[in-house]
Amino acid sequence: MNEFTFPGTSLTVRRIGYGAMQLAGSGVWGPPNDVGAAVAVLREAVASGVNHIDTSDYYGPHVTNQIIRKALQPYPRGLVIVTKLGGRRPSDKSWQPAISREELVAGVHDNLRNLGLGVLEIANYRVMGSGHGTEEGSIAEQVSVLADLKREGLIRHIGVSNVTAAQLAEAQSITDIVCVQNNYNLAYRRDDALIDDLARQGIAYVPFFPLGGFTPLQSTTLSSVAAQLGATPMQVALAWLLQRSPNILLIPGTSSVAHLRENVAAGELTLSPQTVAELDGIA
Ligand SMILES: NC(=O)c1ccc[n+]([C@@H]2O[C@H](COP(=O)([O-])OP(=O)(O)OC[C@H]3O[C@@H](n4cnc5c(N)ncnc54)[C@H](OP(=O)(O)O)[C@@H]3O)[C@@H](O)[C@H]2O)c1
């Protein structure tokens, strides 16, 4: 199954998408050294059939969205750009929460302006938690603000990111949730039960750091499986995610056209049950 339709929407995307965070440049702080190279990666993604791009206006800040606009406008029909709200990058380059009503509303307008859109197709409320880890605590106030903005027509659908199962349930008591974006990959599998639960509900699970993020996956098992299959370790890691559950959508990040092509080609790999079992042992 190569495509996925977000629940209760008319949005169907290929399961291999693209995460734009790497385009901002070093430390996710823009501008990148070579804006032309970033534009080329985005155009190659779309030319390769990618129709799901993950971004945020706090990447850069602002710069990543401006590059997406420069590279892809007028946006091709069917392209789904998913963004995130809930963070900000002050001039010391740190990552801070931006969770007041005023900050969330401003964040939506920043995304709309920098992407050149009239409405955000999917906006995730990203819980800042403890960095890349989750932290319990009510998110009702922030999700309610996004639900208000949905009613006002500025957001079409809502997702959540970096959440616990309890926070997801709380968000679902306020509004329909179409996707969850959490940290998960071959080596970091804290969300196994959550993924299965979301699959039963038909909700997309979009792992961030699918290749390990700032510390790319490294494993002798992964390398030896890749060598046997004539693929790269990163392709095997992506193929494993695709086979893990039909509601998993991939948004690997790269600043390289060659890596982008490699990542898209991972969709052609099929892993045998024995290979999956071997890879499962990495976690
Ligand atoms: N919701 C959240 O809190 C959150 C947090 C982090 C990220 N995200 C989203 O998730 C997306 C994916 O996460 P990520 O970009 O941080 O990490 P990732 O996709 O796990 O890994 C990206 C790293 O892998 C390298 N890479 C990519 N393809 C490769 C290949 N084929 N071979 C070798 N190396 C390869 C990239 O370097 P090169 O540039 O050299 O290819 C980069 O260093 C982001 O782009 C962002 O949109 C969301």
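Before reading further, recall that the structure is shown in the block above.
Residues numbered from 1 in each chain as written. Predicted model: local features only at pLDDT ≥ 70, side-chain atom pairs only at ≥ 80, totals over all residues. Heavy atoms only, no water.

Undergrad: Honestly, the packing of helix α8 (residues 233–244) against helix α10 (residues 273–280) in this entry has me stumped. Any pointers?
TA: In helix packing, the relevant descriptors are the interaxial angle and the interaxial distance, both defined with respect to the helix axes. Contact geometry of α8 with α10 gives a least axis separation of 11 Å together with a crossing angle of 105 degrees. Put simply, α8 runs roughly perpendicular to α10. Across the interface between the two elements, V236, W240 and Q243 of α8 pack against V276, L279 and D280 of α10. Classifying every residue of the contact of α8 with α10 gives four nonpolar, one polar and one charged. (Axes fitted to C-alpha atoms, helices over the stretch in contact; angles between N-to-C directions. Helix = DSSP H or I, 4+ residues; strand = E, 2+ residues; numbered from the N terminus. Parallel < 35°, antiparallel > 145°, perpendicular 65-115°, else oblique. Contact = heavy atoms within 4.5 Å. Nonpolar A, V, L, I, M, F, W, Y, C, P; charged D, E, K, R; others polar.)

Undergrad: Explain the site of the ligand here, please?
TA: As a structural note, the neighbourhood of the ligand is formed by 25 residues, with D54, R126, L211, T254 and H259 the closest of them. F209 has a polar backbone atom sitting 3.5 Å from an oxygen atom of the ligand. Taking S255, its side chain carries an N or O atom lying 2.7 Å from an oxygen atom of the ligand. Its free accessible area being 890 Å², the ligand has 88% of it covered by the protein chains. Taking a 2 Å distance to the grid points as the criterion, the majority of the atoms of the ligand fall inside the largest pocket. Residue contributions to the shell around the ligand peak at three residues, all from helix α9 (residues 257–265). Tallied by class, the residues present in the shell around the ligand amount to 10 nonpolar, 11 polar and four charged. (Near = heavy atom within 4 Å. Polar contact = N/O pair within 3.5 Å; in protein donor to acceptor, adjacent residues only side chain to side chain. Areas by Shrake-Rupley, 256 points an atom, 1.4 Å probe, with all protein chains shown as cover. 1 Å grid on protein atoms, 1.4 Å probe; cavity = no way out; pocket = protein on both sides within 12 Å on 5 of 7 lines; lining within 4 Å. Sits in = over half its atoms within 2 Å of the grid points.)

Undergrad: Would you explain the layout of surface pockets in this entry?
TA: Roughly 670 Å³ of volume is contained in the largest pocket. Forming the walls of the largest pocket are 31 residues, and the residues nearest its centre are M21, Q22, F209, G213 and F214. Here the element with the most residues in the lining of the largest pocket is α9; it accounts for three residues. Looking at the lining of the largest pocket residue by residue, the classes come out as 15 nonpolar, 12 polar and four charged. (Points joined across faces, edges and corners; volume = space filled by probe spheres on them.)

Undergrad: Explanation requested: the side chain of N65 in the structure shown.
TA: Following the sequence through the fold, N65 ends up in helix α2 (residues 63–72). Looking at N65, the relative accessible area reads 0%, which means it is buried. A polar atom in the side chain of N65 sits 2.7 Å from the side chain of T55. At a separation of 2.8 Å, a polar atom in the side chain of N65 contacts the side chain of D57. When residues no more than four places from it in sequence are discounted, the contact partners of N65 are T55, S56, D57, N111, N114 and L115. (Buried < 20%, exposed > 50% of the residue type's maximum accessible area, 1.4 Å probe, protein only.)

Undergrad: What's the story with the pattern of salt bridges in this structure? I'm lost.
TA: Where charged atoms from two side chains of opposite charge come close, those side chains can pair. All chains considered together, the criterion is met by 11 salt bridges. The partner of K84 in a salt bridge is D54, with the nearest N and O atoms 2.5 Å apart. Here K84 is found in strand β5 (residues 80–85), whereas its partner D54 is found in strand β4 (residues 52–54), with 30 residues between them in sequence. Here K84 matches D54 in class, with each residue buried. Of the charged contacts in the structure, one is a salt bridge between D280 and R189, with a shortest N-O distance of 3.1 Å. Residue D280 is located in helix α10, and its partner R189 is located in the loop between β10 (177–181) and α6 (192–201); the two are separated by 91 residues in the primary sequence. (Salt bridge = Lys/Arg side-chain N within 4 Å of Asp/Glu carboxyl O.)

Undergrad: Could you clarify how one ought to interpret unusual backbone geometry in this entry?
TA: Trans is the prevailing form of peptide bonds, just as negative phi is the prevailing case for residues other than glycine. Omega for the peptide link from G30 to P31 comes to -5 degrees, which places this bond in the cis form. When you line up the elements, P31 lands in the loop between β3 (18–19) and α1 (35–47). In the segment running from G60 into P61, the intervening peptide bond is cis, with an omega of -25 degrees. Among the secondary structure elements, P61 is positioned in the loop between β4 and α2. Unusually for a residue other than glycine, K93 sits at a positive phi of about 70 degrees. Turning to its location among the elements, K93 is positioned in the loop between β6 (87–88) and β7 (96–97). Positive phi, close to 60 degrees, is recorded for F209, a residue that is not glycine.

Undergrad: Could you clarify how one ought to interpret the environment of L11 in this entry?
TA: Within the secondary structure layout, L11 lies in the loop between β1 (3–5) and β2 (12–14). In this structure the C-alpha to C-alpha distance between L11 and V80, which are 69 residues apart in sequence, comes to 7.4 Å. Dropping the residues within four chain positions of it, L11 is found in contact with F4, T5, F6, V80, E121, I122 and H157.

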